[in-house]
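The residues making up each chain are set out below.
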Amino acid sequence: MSKKAPPKKEEPKAEEPKVEEKKEEVKPQKAEKKREKKKRQEKGVHAMYKVEGEKVTRLRPTCERCGPGYFMGDHKDRYTCGHCGFTRYKTH
Ligand SMILES: [Zn+2]
């Protein structure tokens with residue numbers, strides 16, 4: 001007895017519609033020219049303070065005339081106040 005194997009029904013392959021994928025050209029974004037920032041040595045008030053933990057130490061002496069809050073400019077041999085022009089020479 002030989003059984004005939006039923007012929008395999010070939011399922012018709014559904015043709016997949018070819019969809020042409022439009023490749024979107026990814027244009028590289030215009031690289032904005034980075035302007036080189038000129039580094040200014042601008043020293044703000046923060047430069048006058050030095051924070052160590054919770055302690056704040058003032059790196060500049062304050063003007064005797066103007067009172068605390070007016071820092072004096074640090075020069076080679078003297079401190080000057082830009083507010084009133086007071087000059088204090090370094091004594092050491
Ligand atoms: Zn002053």
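This text goes with the structure placed above it.
Residues numbered from 1 in each chain as written. Predicted model: local features only at pLDDT ≥ 70, side-chain atom pairs only at ≥ 80, totals over all residues.

With that out of the way, let us pick up the sheet that holds strand E6 (residues 87-89). In space, the four strands of this open sheet follow the order E3-E4-E5-E6, with antiparallel pairing throughout. The sheet is open, and its two borders are formed by strand E3 (62-63) and E6, each paired with just one other strand. Direction of pairing for strand E4 (residues 67-74) relative to strand E5 (residues 78-81): antiparallel, over a ladder of three bridges. Counterpart to Asp74 in the pairing with E5 is Tyr79. (Pairing = 2+ DSSP bridges. Helix = DSSP H or I, 4+ residues; strand = E, 2+ residues; numbered from the N terminus.)

Mapped onto the secondary structure, Tyr49 falls in strand E1 (residues 49-52). Classification of Tyr49 as exposed rests on a count of 12 C-beta atoms within 10 Å. For the pair Tyr49 and Leu59, spaced 10 residues apart in sequence, the C-alpha to C-alpha distance is 5.7 Å. (Buried ≥ 20, exposed ≤ 12 C-beta atoms within 10 Å, placed from the backbone.)

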